[in-house]
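# Chain and residue survey
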Amino acid sequence: MKTSNERTIASITHLSALSQYIIPFGNYIFPLILWTTNKDKSDFVNHHGKQTLNFQLSMLLYSFLFVIIAVPTFLIWLFKIIHQFELENQTVEFQDIFTTQNITGMVIVGIVAAIIFLVLKLAEFFLVIYAAFKAADGEYYKYPLTINFIK
């Protein structure tokens, strides 16, 4: 049976990852502080601290990959379309850029990457809350799609 203090610290460790919406890199700093100060006191807190940090690092890696795919794809496509319109018409209007004739496979890959990025961030928010509830109930929780950087 986990003590109330252990469950509270484990739950707060998960919830501290939500500080990223207020403080840049708070989702790494606060869980790291909570985990390092309490990991030797409890195996339960140690497990949840590692899970929180591994999940946040995994989300950083996944987000970085999808942004690397989406942003250059859109920029290359946009510059190509603008250059094409400048050669043909000497003017570029916004509504002329986003037509079905100008949407290519590269744009679709960029759109899919952007949508996956948004879904990933939304899932991250709800999974952090879910993990905090599991920790508060005294259960061990392992985030899905997590790479174990910290063993």
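The notes below deal with the structure included here. Predicted, not measured: the structure shown is a model, and the values here were computed from it. (Residues numbered from 1 in each chain as written. Predicted model: local features only at pLDDT ≥ 70, side-chain atom pairs only at ≥ 80, totals over all residues. Heavy atoms only, no water.)

### A look at the overall build of the protein
Scanning the protein from N- to C-terminus turns up five helices and zero strands. Listed N to C, the secondary structure of the protein is α-α-α-α-α in terms of helices and strands. Carbon together with sulfur atoms contributes 71% to the accessible area of the protein, which is approximately 9,200 Å² in total. (Helix = DSSP H or I, 4+ residues; strand = E, 2+ residues; numbered from the N terminus. Areas by Shrake-Rupley, 256 points an atom, 1.4 Å probe, with all protein chains shown as cover.)

### What to know about helix α5 (residues 105–136)
When the terminal C-alpha atoms of α5 are compared, their 46 Å separation across 32 residues agrees well with the 46 Å that a helix rising 1.5 Å per residue should span. Looking only at α5, the buried set comprises Val107, Gly110, Ala113, Leu120, Glu124, Val128, Ala131, Ala132, Lys134 and Ala135. Looking one or two places after α5, you find glycine 138, whose phi comes out positive at around 85°. (Expected span 1.5 Å × (residues − 1). Buried < 20%, exposed > 50% of the residue type's maximum accessible area, 1.4 Å probe, protein only.)

### Considering the pattern of salt bridges
Across all of its chains, the model carries two salt bridges by this definition. Here glutamate 139 and lysine 134 are joined by a salt bridge, their closest N and O atoms 3.1 Å apart. Its relative accessible area of 34% is what places glutamate 139 among the partly exposed residues. (Salt bridge = Lys/Arg side-chain N within 4 Å of Asp/Glu carboxyl O.)

### Looking at the packing of aromatic side chains
In the structure shown here, the tally under the stated rule is seven aromatic pairs. Note on phenylalanine 44 and tyrosine 140: the rings are 5.2 Å apart at their centroids and 80° apart in plane angle, and the pair reads as edge-to-face. Taken together, the residues span a long stretch of sequence, with phenylalanine 44 in helix α3 (residues 43–88) and tyrosine 140 in the segment after α5 at a distance of 96 residues. Given a relative accessible area of 2%, phenylalanine 44 falls into the buried group. Consider the rings of tyrosine 141 and tyrosine 143, whose centres lie 5.3 Å apart with planes at 80°: the pair is edge-to-face. Judged by relative accessible area, which is 10%, tyrosine 141 ranks as buried. In this structure tyrosine 143 comes out as buried when scored by relative accessible area, which is 2%. Taken together through their ring pairs, the aromatic side chains of Phe55, Tyr130, Tyr141 and Tyr143 make up a single cluster. (Phe/Tyr/Trp six-rings, centres within 6.5 Å; stacked < 30°, edge-to-face > 60°.)

### Remarks on the packing of helix α1 (residues 4–15) against α5
Orientation of α1 relative to α5, taken along the N-to-C sense of each, is 175°, at an axis distance of 8 Å. As far as their axial angle goes, α5 and α1 are roughly antiparallel. Here Arg7, Ala10, Ser11, His14 and Leu15 of α1 lie close against α5, whose contacting residues are Val128, Ala131, Ala132, Ala135 and Ala136. Classifying every residue of the contact of α1 with α5 gives seven nonpolar, two polar and one charged. (Axes fitted to C-alpha atoms, helices over the stretch in contact; angles between N-to-C directions. Parallel < 35°, antiparallel > 145°, perpendicular 65-115°, else oblique. Contact = heavy atoms within 4.5 Å. Nonpolar A, V, L, I, M, F, W, Y, C, P; charged D, E, K, R; others polar.)

### Some words on the nonpolar core
Formed by Ala17, Leu18, Phe55, Met59, Tyr62, Leu120, Val128, Ala131, Tyr141 and Tyr143, the largest nonpolar core amounts to 10 residues. If you list the elements that add at least two residues to this core, you get α3 and α5. Aside from chain neighbours lying at most four places away, what touches tyrosine 143 is His14, Gln51, Thr52, Phe55, Leu127, Val128 and Ala131. (Core = buried A, V, L, I, M, F, W, Y, C linked by side-chain atoms within 4.5 Å.)

### Considerations on the side chain of histidine 48
Secondary-structure assignment places histidine 48 in helix α3. Within the structure, histidine 48 has its side chain in polar contact with the backbone oxygen of glutamate 139 (distance 3.0 Å). Ignoring sequence-local partners within four residues, the contact set of histidine 48 consists of Ala10, Thr13, His14, Ala135, Glu139, Tyr140 and Tyr141. (Polar contact = N/O pair within 3.5 Å; in protein donor to acceptor, adjacent residues only side chain to side chain.)

Note that every value here comes from positions in space, so none of it alone points to a role or purpose.
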